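# Notes for the structure review
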Amino acid sequence: MTTTTPAPTAPANALTGKRRVAFASFVDENYLPGFLTLLRSLALSNPGVCEDFIVLHDGLRPASVERIRALHPRADFRRVDADHYDSYAKGDQDNYLVRKAYFILDVFRVRDYDTVITLDTDMIVLDDLGELLKLRDGLAAVPQFFYGRHKLNSGLLVIQRPYLSDDFCARIDETGRSGAYELDKHDQGILNAVLDGDFVRLDARYNYVKRRLSGDLPVPDTTAILHFTGRHKPWQGGEAGYGQAEDRWRDFDLSDAEFHAAYLAAPGSKHHDLLVHYGTPHVRRTGDPESARRVAAAHIAAGEYQEAADLLGSVRIPVDEAWPHEVLGHALMSVSRYEEARTQLLLAAAAPNRAATAFSRLAQIAWIHGDDEAASRYARDGLAVDPTHRANRLTHLRTQPAPAPGEGPAERQLAHVAFYMERQGNAGDKLLPESVRLAFDRDTGPDRWHSVHAHRLFDEAALERVNTRRGLVIGGGGLFIPDTAPNGNSGWQWNVPDRLLERIDVPVIVYAVGFNAFDGQAYGHGRGRFLSSLRKLVERAAFFGLRNHGSIEKVRALLPASLHDKVRFQPCPTTVTRHLVDGWKDPAEREDTVLLNAAYDRSGLRFGHDYAHFLAETATAVKALGTRAEVKCVAHSLDDERIAFDLRREHGVSLPVVPMYDFGNDEIRDTYARTKLVIGMRGHAGMIPFGCGTPVISLISHPKMAYFLSDIDRPEWGISVHDRHLGERLAERAAGLLDDHAAAVADVHARQQELWKVTETNAAELKGIV
């Protein structure tokens, strides 16, 4: 029985259904050397894996706890209750092996994970464990043959949610107290008695026992986990006849310095948490700029820009080592230290292999500061090095001279801060600015609107322009996110310093903005900057409307209670498109199609270990739906086309691709209005078709999808990408909407009407403001 604090009632994955996975071991002082070696072997053999590690113990010294923490950044210590097993310990609980056998049973009392993988402290990991992490069903173990029956071998267990339950623990307790199990097998004796052979069989490579190597046989190359069964452990002197096996154990019996260096040298991609945890002390110890570059790049990939700048800035980078200069430049520009960033990037641009990327970042800095001429020049320099460089090509196109729009008089205009998407950009973001404007005025052009790109630095000149307008509208879209357009001035997408935000003297209207952080995504050291900017924005705003109640809850939690009432609900205007577009007419007939959208930005946060599962289940659903309608891939961005490539390659399912990233706004709306059903993973692959009156099913990989469905009181229109039966359920729900399509459309219209009422009420108030 664990004595730690119970798990929260609403875990971080409650909305997305993302599977939480942990490793677990029972550890005491006797087996601590083995456990430390196990942790090193796990990291070196699986450098891209860093799940929580539950450390069950009945009393570890503080120094031992610190040694474990030094090797695993996500160790979770849980003390077991030794008295719990007295009722069925049969008098031998003082024997360590028996105590260890009983106490590992506490893993079945874990309630805050969906999958738990147990590892014995006398194991080492020698190969990839990806297949174990992907398992989703049953209780899996390596079988062993005893007296004509297959029984599970202890040490490695892959335990799924149904077994991490009170009912299963009651069965364990009942069996333990009854004594109806083999005395010499202990935990596996109890489990075998409870399971009676009903478990998923794993290959012996995942629990390869030492005794199979008697006679000093070599460890087979296919071994994934080597288990040093028996009483003689390698850290205790070992046992004659197993020399080659024990040599493998000693490969991982390393000092901290040796281990850190070995991890950085290991092949394959590295997990952010491990690379930072091991790489940071290595950099501090050695001052190696290449190691610092790699750790800083991991920080940047996780949105930890200040941490990257601090680490890489702490080492001496030789002038001719371009890559560290480029990464440091990237980190510095992301925290708005632009002049320092330019220096680093100019040094990087001197090396042909880093020049294209360095020039693209120099171009971006120039564009942020409103210098299109310099931005274009840097982009051309980058294209001269690499004509295929996408970022330089887009910046070059972005900065080409174009006829200036004939803006109307300033006193008639509203200024509009938004993310103005460019050619081949995300279709949802492309439509958003116009949709926001339609909620204020049927004229969405330059006569009534002054555009302010959120990602460009809001400077004195921009402030002066805004203060001559009728007001300032900020929105829509998920602007509250740390890594889409990182800057050190606000910590969110609008690059506005506090001192200038405070000097805006026209009404400020925050309209249908979303809090877009993923599960597991944080603001890092930039959190304080974001909180300060957010508070000033709410204080300054005459209207502060967020696009779903989930975002409202998140933002209110970041504000003092005195500001909570200012945060209100304003649905995304794309969800009420039918009421905003002049002359809108619902289609008399719809195409016999279903549009499927998948998103691939931040794939690790979306899918975890379940992408193969998602793909297979989607293939099942597409095949089933293909008998009712033509299924097409609708790509909001270029990356969204991956679902079509992967389905064809892995499952032989071919989908036509609708390149919505190339569409204009009218064509986006028209395409979504004419289809019968949209199955979408992007937020606006649900909200835009819904606003056009089309039934939707959301593939939930981000909390915002669940937020929207909750607001319209239709949670059943969403299915987690991690759902165990995704394919079957998706096909069933889609078939229901297709079979009674008229009723489904009517339901969409009714749900939309509720959002329109909120929008109209807010519009009446906004008229008084501007």
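Cut-offs used in this document
Residue numbers restart at each chain and count upward from 1, following the sequence in its written direction. Under the rules for a predicted model, residues below a pLDDT of 70 receive no local features and side-chain atom pairs below 80 are neither given nor counted, while totals for whole chains, interfaces and linings still include all residues. No hydrogens and no water enter the side-chain calculation; it runs on all heavy atoms of the structure. Each helix is a run of H or I in the DSSP string that is no shorter than four residues. Each strand is a run of E no shorter than two, and both are numbered from the N terminus. Whether two residues are in contact is decided by their heavy atoms: any pair within 4.5 Å suffices. Computed with a 1.4 Å probe, the accessible areas rest on the Shrake-Rupley method; for each residue, only the protein chains presented here act as cover. Asp and Glu are treated as the negative residues and Lys and Arg as the positive ones, with His and the ends of the chain left uncounted. Charge positions come from single atoms, namely NZ of Lys, CZ of Arg, CG of Asp or CD of Glu. Note on definitions: angles span 0 to 180 degrees between N-to-C directions of axes, and those axes are lines fitted to C-alpha atoms, for helices only across the stretch in contact. Angular relationships are summarised with four words: roughly parallel below 35 degrees, roughly antiparallel beyond 145, roughly perpendicular across 65 to 115, and oblique for the angles in between. Should the near helix be turned anticlockwise from the far one by less than a right angle, the crossing is termed left-handed; should it be turned clockwise, right-handed. Side-chain classes follow a simple rule in which Ala, Val, Leu, Ile, Met, Phe, Trp, Tyr, Cys and Pro form the nonpolar group, Asp, Glu, Lys and Arg form the charged group, and the remainder, Gly included, forms the polar group. The pairing test for Phe, Tyr and Trp rings, Trp by its six-membered ring, is centres within 6.5 Å, and the orientation test on the planes gives stacked under 30 degrees, edge-to-face over 60, and tilted for anything in between. Whether a charge sits over a ring comes down to the Lys NZ or Arg CZ being within 6 Å of the ring centre and within 35 degrees of the ring normal. Residues are called lining when one of their atoms sits within 4 Å of a cavity or pocket point, these points coming from a 1 Å grid over the protein atoms alone, where a cavity is a set in which a 1.4 Å probe fits but cannot get out and a pocket is an open set with protein on both sides within 12 Å along at least five of seven lines. Grid points are joined across faces, edges and corners, and a volume is the space filled by probe spheres set on the points. A pair is scored as a salt bridge if a Lys or Arg side-chain nitrogen falls within 4 Å of a carboxyl oxygen belonging to Asp or Glu. Exposure classes here rest on a 1.4 Å probe applied to the protein chains alone. A residue is buried below 20% of its type maximum, exposed above 50%, and partly exposed in between. One confidence number per residue, pLDDT, is output by the predictor and ranges from 0 to 100. Identification of polar contacts relies on pairs of N or O atoms within 3.5 Å, with a donor-acceptor requirement for protein atoms, meaning one able to donate a hydrogen and the other able to accept it, and with residues adjacent in sequence counted only if both atoms are side-chain atoms. Note on pairing: DSSP must find at least two bridges between two strands before they are called paired.

### Comments concerning the overall build of the protein chain
- A tally of helices and strands in the protein chain yields 30 helices and 25 strands.
- Put simply, 71% of the contacts in the protein chain that link residues at least 6 apart link residues at least 24 apart.
- Here the protein chain displays about 30700 Å² of accessible surface, and carbon together with sulfur accounts for 49% of that area.
- Counting 92 positive and 105 negative side-chain charges, the protein chain places the centres of these two groups 2 Å from one another.

### Some details on the packing of helix H14 (residues 352–368) against helix H15 (residues 372–385)
- For the pair H14 and H15, interaxial distance at closest approach is 8 Å and the crossing angle is 165°. It follows that H14 is roughly antiparallel to H15 by the angle criterion. Between H14 and H15 the crossing geometry is left-handed. From H14, Pro352, Ala355, Ala356, Phe359, Leu362, Ala363, Ala366 and Trp367 reach across to H15, where they touch Asp372, Ala374, Ala375, Tyr378, Ala379, Asp381, Gly382 and Val385.
- Split into classes, the residues belonging to the contact of H14 with H15 amount to 13 nonpolar, 1 polar and 2 charged.

### Digging into the packing of aromatic side chains
- Summed over the entire model, instances satisfying the criterion amount to 24 aromatic pairs.
- Between phenylalanine 690 and phenylalanine 708, the aromatic rings sit 5.3 Å apart at their centres with planes inclined by 85°, giving edge-to-face as the arrangement. Of the two residues, phenylalanine 690 sits in helix H27 (residues 684–691) while phenylalanine 708 sits in helix H28 (residues 703–711), which places them 18 residues apart along the sequence.
- Through a chain of ring-to-ring contacts, the aromatic side chains of Phe458, Phe480, Trp492, Trp494, Phe515, Phe530 and Phe544 assemble into a single cluster.
- The ring centre of tyrosine 206 lies 4.9 Å from the NZ or CZ of arginine 205, which sits over that ring.
- Above the ring of tryptophan 323, the side-chain terminus of arginine 293 is found at 3.6 Å from the ring centroid.

### Overview of the layout of surface pockets
- Counted as a void, the second largest pocket has a volume near 1400 Å³.
- As for the second largest pocket, its lining consists of 38 residues, and the residues nearest its centre are Pro405, Tyr420, Ser451, His453 and Arg456.
- Breaking the lining of the second largest pocket down by element, the ones donating at least two residues are H14, helix H16 (390–398), helix H17 (427–438), strand S14 (449–453) and helix H18 (460–466).
- Tallied by class, residues from the lining of the second largest pocket come to 19 nonpolar, 7 polar and 12 charged.

### Side note on the pattern of salt bridges
- Counted under the stated rule, the structure contains 54 salt bridges.
- Across the salt bridge formed by arginine 342 and glutamate 339, the nearest N and O atoms sit 2.1 Å from each other. Of the two residues, arginine 342 and glutamate 339 are both situated in helix H13 (residues 338–348); the distance of 3 residues between them amounts to about one turn of the helix.
- Assessed through its relative accessible area of 21%, arginine 342 is described here as partly exposed.
- Using a relative accessible area of 56% as the deciding quantity, one classes glutamate 339 as exposed.
- Taken together, the shared-partner salt bridges connect Asp601, Arg602, Arg606, Asp640 and Arg682 into one network.

### Considerations on the confidence of the model for the protein chain
- Predicted confidence across the protein chain gives a mean pLDDT of 91, with 93% of residues reaching 70 or more.
- In this model residues 1–10 is a low-confidence stretch, pLDDT under 50, and it forms 17 contacts with partners more than four residues away in sequence or in other chains.

### Some words on the environment of tyrosine 113
- Along the chain, the position of tyrosine 113 falls in the loop between helix H3 (96–103) and strand S4 (115–118).
- Note: C-alpha distance between tyrosine 113 and valine 622 (509 residues apart in sequence) is 30 Å.
- A polar contact of 2.5 Å, which involves the side chain of tyrosine 113, links it to the side chain of aspartate 52.

### Describing the sheet that holds strand S11 (residues 208–209)
- Spatial ordering of the open sheet is given by S5-S12-S11, a layout of 3 strands whose pairing is mixed. One side of each edge strand has no neighbouring strand; the edge strands of this open sheet are strand S5 (123–125) and S11.
- Note: S5 against strand S12 (residues 225–227), 3 bridges, orientation antiparallel. Bridge pairing links isoleucine 124 to leucine 226 in S12.

### Let's talk about the environment of glycine 279
- Among the secondary structure elements, glycine 279 is positioned in helix H9 (residues 272–286).
- Spatially, the C-alpha atoms of glycine 279 and arginine 606 are 26 Å apart, while their sequence positions differ by 327 residues.

### Topic: the sheet that holds strand S21 (residues 630–635)
- The 6 strands are arranged S22-S21-S20-S23-S24-S25 in an open sheet whose pairing can be described as parallel. Lying at the two open borders of the sheet, with one neighbouring strand each, are strand S22 (657–659) and strand S25 (718–720). Averaged over all pairs of adjacent strands, the angle between strand axes in this sheet comes to 25°, irrespective of strand direction.
- As defined by bridge partners, S21 adjoins S22 across 3 bridges and the pair is classed as parallel. Bridging across to S22, valine 634 finds its partner in valine 658.
- Lying on the sheet, H28 is in contact with strand S23 (677–680), strand S24 (696–700) and S25; it crosses S24 at an angle near 145°.

### Some thoughts on the pairing of S23
- Side chains Leu677 and Ile679 of S23 all project onto a buried face; the interleaved residues Val678 and Gly680 project onto the opposite face, where all are buried too.
- Two elements, strand S20 (residues 593–596) and S23, share 3 bridges in a ladder whose sense is parallel. Directly across from leucine 596, in S23, lies its bridge partner isoleucine 679.
- Bridge analysis of S23 against S24 gives 3 bridges, and the strand direction is parallel. Directly across from valine 678, in S24, lies its bridge partner valine 696.

### Thoughts on unusual backbone geometry
- At aspartate 216, a position not held by glycine, the phi torsion is positive, near 60°.
- In this structure, aspartate 216 sits in the loop between S11 and S12.
- Since its relative accessible area comes to 34%, aspartate 216 is described here as partly exposed.

### Concerning the environment of histidine 416
- Topologically, histidine 416 is positioned in strand S13 (residues 414–418).
- Its relative accessible area of 0% is what places histidine 416 among the buried residues.
- For the pair histidine 416 and glycine 471, spaced 55 residues apart in sequence, the C-alpha separation works out to 8.6 Å.
- Residues in contact with histidine 416, not counting those within four places in the same chain, are Pro433, Val436, Arg437, Trp449, His450, Ser451, Val452, Leu472, Val473 and Gly475.
- A polar atom in the side chain of histidine 416 sits 3.0 Å from the side chain of arginine 437.
- Engagement of the side chain of histidine 416 in a polar contact is seen with the backbone oxygen of glycine 475, the distance being 2.5 Å.

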